[in-house]
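Residues per chain, in single letters:
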Amino acid sequence: MLESVTQSMCLSNTMVCDPLMSWTELSGTTKDDYATYSYSFWTSIHPEYWSKHNVCEWLQFCCDQYKLDANCISFSRFNINGLQLCNMTQEEFLEAAGIYGEYLYFILQNIRMHGISFFTDAEETKLSNKDCNCLLPIQDLQNSHLWEFVRDLLLSPEKNGGILEWEDRGQGIFRVVKSEALAKMWGQKKKNDRMTYEKLSRALRYYYKTGILERVDRRLVYKFGKNAHGWQENKI
DNA sequence: CTGTAGTTTCCTGGTT
DNA sequence: TAACCAGGAAACTACA
């Protein structure tokens, strides 16, 4: 993945960069400056309006936040502003971002479309560690919310164990098959061994208010609402 | 330190 | 009767 940066498709239109140039050299930002950034910063400005500086900082932010090995990314390929970044085709992006290409592209598209809400399903992102010895903390991304946990379980049959199943995949309708097991699993994630389906379902019912879930008039059946995302097939 | 979001816990009452 | 569902109320926790 360290193809020559002198290829014509290199998106830096102003300079030929040293592929090993670090993000600090490019952005002129120190780690301390960078540390002050948070999720809200990256969503407060649409990616199209990011400066070159911001693009570099965003990459470093992702590395830091998701424990990606910055050495696997050629920062010099991203010496571009936000508009150029957004105008990259997926192919160009993958080419430039190397092994984390799909992952970062995925995150960027999400910021563009939904602000800072990431999809975390390994199947959807089609990420694997086989190309690199860097470990991707896919499972532990921003899926700390209950509905995301449920969504990801639905999208990962291997983790699911028959706890949840789709009733109508296209409409986002699903059924809780093993309520007790679901509660136990959620409790495990939240390090709370007192979790029960009674309490979990109360939390699910709060989602009706926010449009994350819609009410379905059947026992143990729920439906993703207009404000839930990432559950649809072939759609980011 | 203050406010808010997202639960968690508990509860009363109704339904399957 | 057990398991669920509907929400109100209040406590709790992480984060901005």
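Position numbers for residues count from 1 along each chain, tracking the sequence in the order it is written. Chain A is the first chain written and ligand 1 is the first ligand written, with later ones labelled in order. For a predicted model such as this one, the threshold for reporting local features is a pLDDT of at least 70, and the threshold for listing and counting side-chain atom pairs is 80 or more; totals across whole chains, interfaces and linings nevertheless cover every residue. Hydrogens and waters are ignored; side-chain quantities use all the structure's heavy atoms.

(A) Fine view of the protein's contact with DNA strand B. What makes a residue near a molecule or strand is one non-hydrogen atom of that residue sitting within 4 Å of it. Around DNA strand B, the surrounding shell holds 13 residues, and the nearest of these are Leu146, Trp186, Lys190, Arg194 and Tyr207. What you see for DNA strand B is that sugar and phosphate hold 68% of its atoms within 4 Å of the protein. A distance of 3.0 Å is found between a phosphate oxygen of DNA strand B and a side-chain nitrogen or oxygen belonging to Asn192. Separating a phosphate oxygen of DNA strand B from a side-chain N or O atom of Arg194 is a distance of 2.9 Å. Counting of polar contacts relies on pairs of N or O atoms within 3.5 Å, with two restrictions inside protein: one atom must be capable of donating a hydrogen and the other of accepting it, and residues adjacent in sequence are counted only when both atoms are side-chain atoms.

(B) Here's a closer look at the sheet that holds strand S3 (residues 213-214). Taken in spatial order, the 4 strands line up as S1-S2-S4-S3 in an open sheet, and their pairing is antiparallel. In this open sheet, the two strands that pair with only one neighbour each are strand S1 (164-168) and S3. At least two bridges found by DSSP between two strands is the condition for calling them paired. Where helices and strands are cited, they refer to DSSP runs of H or I of at least four residues and of E of at least two residues respectively, numbered from the N terminus. Pairing geometry for S1 and strand S2 (residues 173-176), over 4 bridges, is antiparallel. Across the sheet, Trp166 pairs through a bridge with Phe174, a residue of S2. When checking whether two residues touch, look at their non-hydrogen atoms; a contact exists if any pair is within 4.5 Å. Note on definitions: angles span 0 to 180 degrees between N-to-C directions of axes, and those axes are lines fitted to C-alpha atoms, for helices only across the stretch in contact. This element, helix H9 (residues 146-155), spans S1, S2 and strand S4 (221-224) of the sheet and lies at about 85° to S1.

(C) Up close: the protein's contact with DNA strand C. The local shell around DNA strand C consists of Ser179, Tyr197, Glu198, Arg202, Arg205, Tyr206, Tyr208, Arg215, Arg219, Leu220 and Tyr222. Those atoms of DNA strand C that come within 4 Å of the protein belong to sugar or phosphate at a rate of 40%. Side-chain polar atom of Arg202 to a base oxygen of DNA strand C: 2.8 Å apart, as the coordinates give it. One nitrogen or oxygen atom from the side chain of Tyr206 is found 3.2 Å from a base nitrogen belonging to DNA strand C. At 6 residues, helix H12 (residues 197-210) tops the list of elements feeding residues into the surface near DNA strand C. Across the surface near DNA strand C, the residue classes tally to 5 nonpolar, 1 polar and 5 charged. Only Asp, Glu, Lys and Arg are considered charged, only Ala, Val, Leu, Ile, Met, Phe, Trp, Tyr, Cys and Pro nonpolar, and every remaining residue, Gly among them, polar.

(D) The arrangement of helix H6 (residues 90-97) in detail. Turning to H6, its buried residues are Phe93, Ala96 and Ala97. One face of H6 carries all of its buried residues, which in axial projection span an arc of 85°. Downstream of H6 by one or two residues, Gly98 has phi in the positive range, about 65°. The buried label applies to any residue whose accessible area, calculated with a 1.4 Å probe on protein chains only, is under 20% of its type's maximum; exposed applies above 50%, and partly exposed to all values in between. Relevant arc is that of directions from the helix axis to the C-beta atoms, nothing else.

(E) Just H12, in detail. The end-to-end C-alpha distance of H12, which contains 14 residues, comes to 20 Å, matching closely the 20 Å that a straight helix rising 1.5 Å per residue would cover. Buried within H12 we find Tyr197, Leu200, Ser201, Leu204, Tyr207 and Tyr208. Around the axis of H12, the buried residues are gathered within 115° of arc, so they sit on the same side. The exposed set on the far side of H12, more than 90 degrees from its buried face, consists of Glu198 and Lys209. Among the structural elements, H9, S2, helix H11 (179-189), S3 and S4 are those in contact with the buried residues of H12. Just downstream of H12 lies Gly211, where phi reads positive at about 80°. To estimate how far a helix should reach, multiply one less than its number of residues by 1.5 Å.

(F) Structural view of the nonpolar core. Take the buried residues of types Ala, Val, Leu, Ile, Met, Phe, Trp, Tyr and Cys, join any two whose side-chain atoms come within 4.5 Å, and each joined set is a nonpolar core. Counting 25 residues, the largest nonpolar core has Leu164, Leu200 and Leu213 as its most contacted members. Sorting the residues of this core by element identifies H9, S2, H11, H12 and S4 as the ones contributing at least two each. A per-element tally of this core places H9 first, with 6 residues. With residues near it in sequence (within four places) discarded, Leu200 still touches Leu146, Leu182, Ala183, Trp186 and Met195. Formed by 24 residues, the second largest nonpolar core is a distinct cluster that contains Trp50, Leu59, Phe78 and Tyr105.

(G) The arrangement of the pairing of S2 in detail. Hairpin connection between S1 and S2: a loop of 4 residues separates the two successive antiparallel strands, and Gly172 in this loop has a positive phi of roughly 75°. With 3 bridges connecting them, S2 and S4 associate as antiparallel partners. Pairing of Ile173 across the sheet is with Lys223, part of S4.

(H) Local environment of unusual backbone geometry. At Lys191, a residue that is not glycine, the phi angle is positive and equals roughly 55°. Of note, Lys191 is situated in the loop between H11 and H12. In this structure, Leu220 takes a positive phi of about 65° despite not being glycine. With respect to the helices and strands, the residue Leu220 is situated in the loop between S3 and S4.

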